[in-house]
Amino acid sequence: MHQPPKIVRLNLLDTDYAKIVAGEPIPDAKKQRLAQESYDFDKLGQHIARYRHGHLDQQSQDDVLCTIATTAGLFTLADLEDINDRLRHTGRFYLTPGERQQVINWLFDELGIDLSWPSEEQP
């Protein structure tokens, strides 16, 4: 029994995909403020670009923010357990508004990236 491959249609323009693959540029000055060996800035840039250009629903946006927070060490084990507990009880993954804001604030404060602005329009 051979099952045919499952085809998933993506609602992305080629330019959006290219931006995601390239990743969001993180200024060198911001990188130098942080312990460079502690972060994979290329991966962080790709996650940020996916958040901006991936046409994601709220659950997918929360997943990206959680990945960024985990990479940056923003969430404690207790925070992650709370998130997993919500997933077990509700059957869906989500961050609270406070958790979302924590990640968004870190991105702005530490990397100078404002997720409320498209990357080309940042002041």
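Report follows, based on the coordinates. (Residues numbered from 1 in each chain as written. Predicted model: local features only at pLDDT ≥ 70, side-chain atom pairs only at ≥ 80, totals over all residues. Heavy atoms only, no water.)

### Focus: the overall build of the protein chain
Looking only at helices and strands, one finds six helices and zero strands in the protein chain. Along the chain direction, N to C, the helices and strands of the protein chain fall in the order α-α-α-α-α-α. Sorting the 123 residues of the protein chain into buried and exposed places 32% on the buried side. A sequence separation of at least 24 residues applies to 64% of the contacts in the protein chain between residues at least 6 apart. About 8300 Å² of surface is accessible on the protein chain, with carbon and sulfur atoms providing 52% of the total. (Helix = DSSP H or I, 4+ residues; strand = E, 2+ residues; numbered from the N terminus. Buried < 20%, exposed > 50% of the residue type's maximum accessible area, 1.4 Å probe, protein only. Contact = heavy atoms within 4.5 Å. Areas by Shrake-Rupley, 256 points an atom, 1.4 Å probe, with all protein chains shown as cover.)

### Overview of the nonpolar core
Judged by nonpolar contacts, the single largest core of 24 residues is most densely connected at Ile68, Phe75, Val103, Trp106, Leu107 and Leu111. Counting residues per element, the ones that place at least two in this core are helix H3 (41-53), helix H4 (58-72) and helix H6 (97-111). For this core, the leading source of residues is H4, giving six residues. The residues contacting Trp106, other than those within four sequence positions of it, are Leu34, Tyr39, Leu44, Ile68, Ala72, Leu74 and Leu111. (Core = buried A, V, L, I, M, F, W, Y, C linked by side-chain atoms within 4.5 Å.)

### Examining the packing of aromatic side chains
What the rule picks out here adds up to zero aromatic pairs. The ring of Tyr94 carries the charged tip of Arg86 above its face, separated from the ring centre by 5.0 Å. (Phe/Tyr/Trp six-rings, centres within 6.5 Å; stacked < 30°, edge-to-face > 60°. Lys NZ or Arg CZ within 6 Å of the ring centre and 35° of its normal.)

### Points about the packing of H3 against H4
Remark: H3 packs on H4, axes separated minimally by 9 Å, with the N-to-C direction vectors making an angle of 160 degrees. Here H4 runs roughly antiparallel to H3, going by the angle between their axes. Relative to H4, the crossing made by H3 is left-handed. Between H3, through Leu44, His47, Ile48, Arg50 and Tyr51, and H4, the contact on the second element is made entirely by Gln61, Asp63, Val64, Leu65, Thr67, Ile68 and Thr71. In terms of residue class, the contact of H3 with H4 is made up of six nonpolar, four polar and two charged. (Axes fitted to C-alpha atoms, helices over the stretch in contact; angles between N-to-C directions. Parallel < 35°, antiparallel > 145°, perpendicular 65-115°, else oblique. Left-handed = near helix turned anticlockwise from the far one by under 90°. Nonpolar A, V, L, I, M, F, W, Y, C, P; charged D, E, K, R; others polar.)

### Some remarks on the pattern of salt bridges
For the coordinates displayed, the defined rule picks out five salt bridges. Glu24 serves as the salt-bridge partner of Arg52, at 3.0 Å between the closest nitrogen and oxygen. Separated by 28 residues along the polypeptide, Arg52 in helix H3 and Glu24 in the loop between helix H1 (14-22) and helix H2 (28-33) bring together distant segments of the chain. Relative accessible area serves as the criterion here: at 9%, Glu24 is assigned to the buried category. Residue Arg100 is joined to Asp62 by a salt bridge in which the shortest nitrogen-to-oxygen separation is 2.7 Å. Of the two residues, Arg100 sits in helix H6 while Asp62 sits in helix H4, which places them 38 residues apart along the sequence. Among the residues examined, Asp62 registers a relative accessible area of 0% and is labelled buried. One network of salt bridges, in which partners are shared, links Glu81, Asp85 and Arg88. (Salt bridge = Lys/Arg side-chain N within 4 Å of Asp/Glu carboxyl O.)

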